[in-house]
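# Structural overview for review
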Amino acid sequence: MKKIKLCLMLAGTFLGSGLHMSVFAQVKLSATNIDEIVQTMTLEEKCHLVLGCGMHFNDEAKFPGTAGSTYAIARLGIPETYCADSQQGLRMDHHRDWDHRDYYPTDFVASMTLASTWDREAAYKVGQGIGNEVKEFGLDWILSPSMNLIRDALCGRNHEYYSEDPYLSGMIAAGYVNGVQSEGTAACPKHFIANNQETNRSNNISQMSQRALREIYLKAFEIMVKESNPWTIMTSYNKLNGPYAVQNHELLTTIVRDEWGWKGMYVSDWGGGDNAVAAMQAGNDMLQPGSDMQYQTILAAAKNGQLSMEVLDANVKRILEYVVKTHNFRGYAYTNTPDLKAHAQVVREVGADGIVLLKNGRSSSASEGGEKLLPLKGKRVALFGCTSYDWISGGSGFGGTTVGHYTVSLVEGMRSAGYEVCKPLIGIYKKHIAGEQKRLYPNGRPQFSLMPPARAEEKLFSNEELASAIDGSDVAIISLGRKSGEAADRSEADFYLKDGEKALIKQISEAYHAQGKQVVVLLDICSPIDVASWQDQVDALVCTWQGGQESGFAVADVLSGKVTPSGKLPMTFQIKYGDAYADKNFPSNVDDKTLGAMFMWGRNKDDAKKREPQKNIDFTNYEEDIYVGYRYFDSFDKPVAYPFGFGLSYTSFDYGNMRVSEKNGIFTIKVDVKNTGDYAGRNVVELFVAAPDSKKANKPAKELRNFAKTRLLQPGENETVTMTVSTADLASFNEKLSAWKTDAGLYTFMICSSASDVEAKATAKVKAYTHKVNNVLKPNVKLNLLHR
Ligand code: BGC
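Residues numbered from 1 in each chain as written. Predicted model: local features only at pLDDT ≥ 70, side-chain atom pairs only at ≥ 80, totals over all residues. Heavy atoms only, no water.

### Digging into the overall build of the chain
Filter applied, for reference: Secondary structure elements are taken from DSSP: a helix is a run of H or I of four residues or more, a strand is a run of E of two residues or more, and numbering for both begins at the N terminus. Atoms considered for the radius of gyration are the C-alpha atoms alone. The globule rule reads 2.2 Å times the number of residues to the power 0.38. In this scheme, a residue with accessible area under 20% of its type's maximum is buried, one over 50% is exposed, and one in between is partly exposed, where area comes from a 1.4 Å probe on protein chains only. The criterion used for residue contact is that any of the two residues' heavy atoms lie within 4.5 Å. Each accessible area value is a Shrake-Rupley result obtained with a 1.4 Å probe; residue values ignore everything except the protein chains displayed when judging cover.
When helices and strands are counted, the chain shows 23 helices and 24 strands. Computed over the C-alpha atoms, the radius of gyration of the chain is 27 Å, within 12% of the 28 Å expected from 2.2 N^0.38 for a compact globule of 788 residues. Structurally, the chain occupies a C-alpha span of about 105 × 65 × 55 Å along its principal axes. Of all 788 residues assigned to the chain, the portion counted as buried reaches 62%. Considering only intrachain contacts with a sequence separation of at least 6, the fraction spanning at least 24 residues in the chain is 78%. Surface exposure of the chain reaches about 29,600 Å², of which carbon and sulfur atoms provide 51%.

### Here we look at the sheet that holds strand 2 (residues 82-84)
For clarity, the cut-off: Following DSSP output, two strands are said to pair if at least two bridges run between them.
Strand order in this open sheet of 3 strands is 1-2-3, and the pairing throughout is mixed. Sheet topology places strand 1 (68-69) and strand 3 (141-142) at the edges, where each strand pairs with a single neighbour. Here strand 1 pairs with strand 2 via 2 bridges, running antiparallel. Note that in strand 2 the partner of Gly68 across the bridge is Cys83.

### So, the site of the ligand
To keep it simple, the criterion reads: Proximity is defined per residue: any heavy atom of the residue falling within 4 Å of a molecule or strand makes that residue near it. Whenever a nitrogen or oxygen atom comes within 3.5 Å of another N or O atom, the pair is scored as a polar contact, on the condition that within protein one atom can donate a hydrogen and the other can accept it, and that pairs from neighbouring residues in sequence are kept only if both atoms are in side chains.
Not every one of the 13 residues close to the ligand is listed here, only the nearest: Asp85, Arg157, His191, Asp269 and Glu486. Between the ligand and the protein, one listed contact pairs an oxygen atom with a side-chain N or O atom of Asp85 at 2.4 Å. One of the side-chain nitrogen or oxygen atoms of Asp269 is found 2.7 Å away from an oxygen atom of the ligand. For the ligand, whose unbound accessible area comes to 310 Å², protein coverage reaches 99%.

### Some points on the domain arrangement of the chain
Going by this rule: These domain boundaries are the output of an automatic or database domain assignment. Note on terms: buried area is the combined drop in 1.4 Å-probe accessible area of two parts once they are placed together, counting the loss on both. Here a salt bridge means any side-chain nitrogen of Lys or Arg lying within 4 Å of a carboxyl oxygen belonging to Asp or Glu.
According to the domain assignment, the chain consists of domain 1 (45-330), domain 2 (355-563) and domain 3 (648-772). Contacts between the two partners involve 15 residues from domain 1, matched on the other side by 16 residues from domain 3. Overall, the association of domain 1 and domain 3 removes approximately 1,500 Å² of surface from exposure, summing both partners, and the carbon and sulfur fraction of that is 55%. At the junction of domain 1 with domain 3, the criterion picks out 1 salt bridge.

### A look at the sheet that holds strand 6 (residues 239-240)
What the 3 strands build is an open sheet, ordered 6-4-14; its pairing is parallel. The outermost strands of the open sheet, each flanked by one partner alone, are strand 6 and strand 14 (619-621).

### Section: helix 12 (residues 309-323)
To keep it simple, the criterion reads: Expected helix span is computed as 1.5 Å times (number of residues minus one).
Helix length check: helix 12, at 15 residues, gives a terminal C-alpha distance of 20 Å against a target of 21 Å (1.5 Å per residue), a fit within 8%. For helix 12, the full list of buried residues reads Leu312, Asp313, Asn315, Val316, Arg318, Ile319, Leu320, Tyr322 and Val323.

### Re the layout of surface pockets
If you roll a probe as big as a water molecule over the atoms, it shows you where there is empty space left. The condition that has to hold: A cavity, in this analysis, means grid points on a 1 Å lattice covering only the protein atoms where a 1.4 Å probe fits yet has no way out; a pocket is instead an open set bounded by protein on both sides within 12 Å along at least five of seven lines, and a residue lines either one if it has an atom within 4 Å of a point. Grid points are joined across faces, edges and corners, and a volume is the space filled by probe spheres set on the points.
Of the volumes computed, that of the second largest pocket is approximately 870 Å³. Looking at the second largest pocket, it is lined by 39 residues, and the ones nearest its centre are Met451, Pro452, Lys483, Ser491 and Asp494. Contributing elements (two or more residues each) for the lining of the second largest pocket: helix 16 (423-440), helix 18 (492-495), helix 19 (499-514) and helix 21 (592-598). No other element matches helix 21, which puts 3 residues into the lining of the second largest pocket.

### Quick look at the packing of aromatic side chains
For clarity, the cut-off: Centres within 6.5 Å are what make two rings of Phe, Tyr or Trp a pair, Trp counting through its six-membered ring; a difference in plane orientation under 30 degrees is then read as stacked, over 60 as edge-to-face, and the rest as tilted.
Under the definition given, this model contains 30 aromatic pairs. Ring geometry for Phe192 against Tyr266: centres 6.5 Å apart, planes inclined by 25 degrees, an arrangement best described as stacked. In this pair, Phe192 is assigned in the loop between helix 7 (166-182) and strand 4 (205-207) and Tyr266 in strand 7 (residues 265-267), connecting sequence segments 74 residues apart. Taken individually, Phe192 and Tyr266 each receive the classification buried, so the pair is uniform in this respect.

### Some details on the pattern of salt bridges
A pair can form between side chains of opposite charge whenever their charged atoms are brought close. Throughout the structure, instances matching the rule amount to 41 salt bridges. Glu160 is paired through a salt bridge with Arg157; the nearest N and O atoms lie 2.6 Å apart. Each member of the pair, Glu160 as well as Arg157, carries the same accessibility label: buried. Note that Asp672 is salt-bridged to Arg659, the shortest N-O span being 3.2 Å. Taken together, the residues Asp672 in strand 16 (residues 666-675) and Arg659 in strand 15 (residues 653-663) connect sequence positions 13 residues apart. Where salt bridges share partners, they join Arg157, Glu160, Glu198, Arg201 and Glu486 into one cluster.

### Quick word on the nonpolar core
For clarity, the threshold we go by: In this description, a nonpolar core means a group of buried Ala, Val, Leu, Ile, Met, Phe, Trp, Tyr and Cys residues linked to one another through side-chain atoms lying within 4.5 Å.
In this structure, Leu114, Leu139, Phe192, Ile193, Tyr217, Leu251 and Leu704 are the most contacted members of the largest nonpolar core, which totals 80 residues. If one sorts the elements of this core by residue count, helix 8 (residues 210-228) sits on top with 10 residues. Taken domain by domain, this core gets at least three of its residues from each of domain 1 (45-330) and domain 3 (648-772). When neighbours within four sequence positions are excluded, Phe192 is seen to be in contact with Leu218, Phe221, Ile233, Met234, Thr235, Ser236, Ala245, Leu251, Leu252, Val256, Trp260 and Tyr266. In terms of nonpolar packing, the next biggest core, distinct from the first, is built from 75 residues, Met112, Leu523, Trp545 and Leu648 among them.

### Details of the UniProt feature "domain: Fibronectin type III-like" (unreviewed entry) in the chain
Filter applied, for reference: UniProt positions are given in the numbering used here, feature names are shortened, and annotations may be inferred rather than shown by experiment.
When the UniProt feature table is mapped onto this chain, "domain: Fibronectin type III-like" (unreviewed entry) is found at residues 683-755. Between the C-alpha atoms that bound residues 683-755 the distance is 15 Å, and the span itself is 0% helix and 55% strand.

### Description of the pairing of strand 9 (residues 380-384)
The buried fraction of strand 9 amounts to 4 of the 5 residues, a majority that puts the element mostly inside the structure. With 4 bridges connecting them, strand 9 and strand 11 (residues 475-481) associate as parallel partners. Paired with Val381 across the two strands is Val475, which belongs to strand 11.

### Quick notes on the packing of helix 14 (residues 340-353) against helix 20 (residues 551-560)
Packed helix pairs are specified by the crossing angle of their axes together with the interaxial distance, meaning the distance between the axes. Note the following rule: Between N-to-C directions, angles span 0 to 180 degrees; the directions come from axes that are lines fitted to C-alpha atoms, helices contributing only their stretch in contact. Should an angle fall under 35 degrees it is taken as roughly parallel, and over 145 as roughly antiparallel, whereas 65 to 115 is taken as roughly perpendicular and any remaining angle as oblique. Crossing handedness: left-handed means the near helix sits turned counterclockwise from the far one by under a right angle, and right-handed means the same turn made clockwise. Three residue categories are used. Nonpolar comprises Ala, Val, Leu, Ile, Met, Phe, Trp, Tyr, Cys and Pro, charged comprises Asp, Glu, Lys and Arg, and polar comprises the others, including Gly.
Where helix 14 meets helix 20, the closest approach of the two axes is 8 Å, and the angle between their N-to-C directions is 50 degrees. When the interaxial angle is binned, helix 14 and helix 20 end up oblique. The two elements helix 14 and helix 20 cross, and the hand of that crossing is right-handed. Residues Arg348, Gly351 and Ala352 of helix 14 pack against Phe553, Ala554, Asp557 and Val558 of helix 20. By residue class, the composition of the contact of helix 14 with helix 20 is 4 nonpolar, 1 polar and 2 charged.

### Brief notes about the environment of Leu139
By the secondary structure assignment, Leu139 is in the loop between helix 6 (120-136) and strand 3. With residues near it in sequence (within four places) discarded, Leu139 still touches Phe63, Thr66, Tyr82, Cys83, Ala84, Leu90, Met92, Val134, His327 and Asn328.

### Side note on the side chain of Ser753
Mapped onto the secondary structure, Ser753 falls in strand 22 (residues 745-754). Under the relative-accessibility criterion, Ser753 is labelled buried at 14%. A polar contact is formed between the side chain of Ser753 and the side chain of Glu759, at a distance of 2.5 Å. Residues in contact with Ser753, not counting those within four places in the same chain, are Lys568, Gly645, Phe646, Tyr655, Glu686 and Glu759.

### Concerning the state of the cysteines
What counts is decided by this rule: Pairs of cysteine sulfur atoms within 2.5 Å are what we label disulfides.
In total, this model carries 0 disulfides according to the counting rule given. Of the cysteine sulfurs around Cys53, a residue in no disulfide, the closest is that of Cys83, at 9.4 Å. Looking at the unpaired Cys155, the closest cysteine sulfur is the one in Cys526, lying at 9.9 Å.

### Here's the deal with the environment of Tyr496
Its location among the elements puts Tyr496 in the loop between helix 18 and helix 19. As a C-alpha pair, Tyr496 and Pro528 span 32 residues in sequence and 9.7 Å in three-dimensional space. Setting aside its immediate chain neighbours within four residues, Tyr496 contacts Arg482, Glu501, Asp530, Lys576 and Tyr577. In terms of polar contacts, Tyr496 uses its side chain to reach the backbone amide nitrogen of Tyr577, at 2.9 Å.

What follows is the structure, encoded as structure tokens:
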């Protein structure tokens, strides 16, 4: 009895000193003792756990070239866990100095391509493939999907994002997250929130109405959270209506945890924010990649009571809840040999399904009429444009692809589909591109750069060269390319064709047409570009986007007709830059010097505090309000080059027998989709809904509320597509009431083939609905908001 008493006394003494567990540690972390572990951790251990362990760039790291890891505490059975970018595939060095093997993960498709499939299953398959590779290569946590809303065509990271529409973004992201987590790998949707520009990304304040925030920017994440429950979320670099997102309690805790009920772990973007303690207090559990200064700051704040133990313990607990789910915690014996062949097949299929056919036949208007050029009839093709020989498989930056093992070229893709590729052009372009590389990089290309590499100027042809190409081919294919990525936005000039590109299109089109032959243009792009000013010169236009390592095969599958295109645009193609209302408040013309000074993380934070805030750099006013993308063009009757949701097929579809029924506030919409053409194909069915008196109520003319994709339908085959929408889904955000509100009335449900093409419609009475939420995140400036 005496002995027990003595032990208890001793334990009490040690407990007070904070050293207790180094002496008495027995207990090891398990899924059921997290609270106990939190209580037994020392303060120092807690302060370490909330910080990352640096970036793993060097060769000594276990997984060189990856983004980081979490802190290990061996005595408590807390292992190090490992994370890596990105949404297009596992980013790590393929070579390790101390290892004879190669480590090549799959280069999956760009997010833009994935979103263009409008296929939740495709998103799941890509997520599953990436989740599986993370697991089999020994890591735990993939820092994706990137899912910021596409607010402007020039955002540098658009290729990483999904759509201008929150519903499409949220659903594709959810499919991806569910796929990743089905492998036991943690997903990390990012960048939360409103990181819609790269210029000065670490200091810029996104200033918007509560309504735009709720209906557009938060909505995408809300849908994703509710549909897929990600284990982690990454907060963004920028500020929102005042504070940094990473230090914003109303955002991270009041809305996401309290209102949405999300229980996962937040991690900062790498180096985000300027106050580690405020981040902890806001509910941002982990700061990456972590620094000694942050450690000292958090420790001091915890000691002097500025950071309460309750808050720190809650952060620690959520981190441990993540840790116990990881592969490394479970001791998974990884193989380093994921099924790369199977994943390559997914890349090819999804890559082809994400291709959008914009124009097919010279006299064709956007949709019908005129002779179709595609699928290609002739078997001899001439490939023009540097991009045809230097294909871009994805964007640049941490979220891009620079680690892919290979990219199937267009030449290889076309040849494997049975085409004869005009040989003299291959030689001409090889020489031209090599010359351009020398001109652009006299000292050789830098080994690693986050910036997209400079691209070769186009070459024009002599009469002889042209005559021989025309003679040796049935059709000309011109590829145009754009690459962008993290840390810098595209400029307005990048939206338009360069002089060389315009001259090439003119030269090739005139020469081929003079011989009665036709021209296809492929858009290997990262975000919309101008097509309106030149597309009349060519016969077919195919937006291939960026399809990862199997790009050449996917493009050839569509051009040859092996796959009938079924992709739809996830964002509007505007006619000119400036047409979208959001363009008025976007850093589209920042001079190179200013950009260079801000490159990567933006203005120096202390520097930024000293200067007069500059519009679109230090702050960006979202004056378009909720009128982003088609919500603007459609509601204000502005013409576009190609509307949101647009995409042609080789076959045609008929929509019949649309019916809407209602039960307990859930509307069920059914429509019979029939393949009425000559090719087997899949079809995306888009459900838009218009509220009564939308103009008077200052609501969009119509909004995407659901979508579905049919199976492969043979000619003549029919599928009944079913979609649901709840009364709550139809709500708008009412700032005065701080509530989601659906007005009672007659709503129009529309089956569409794009935001501008209504195929069938029906009306239904909807009852009023109100759901009150917290009155938080008000802008602290007066915004001049667009109104219908
Ligand atoms: C990017 C994140 C990325 C992180 C880690 C940051 O610069 O914004 O998307 O996950 O780096 O590499």
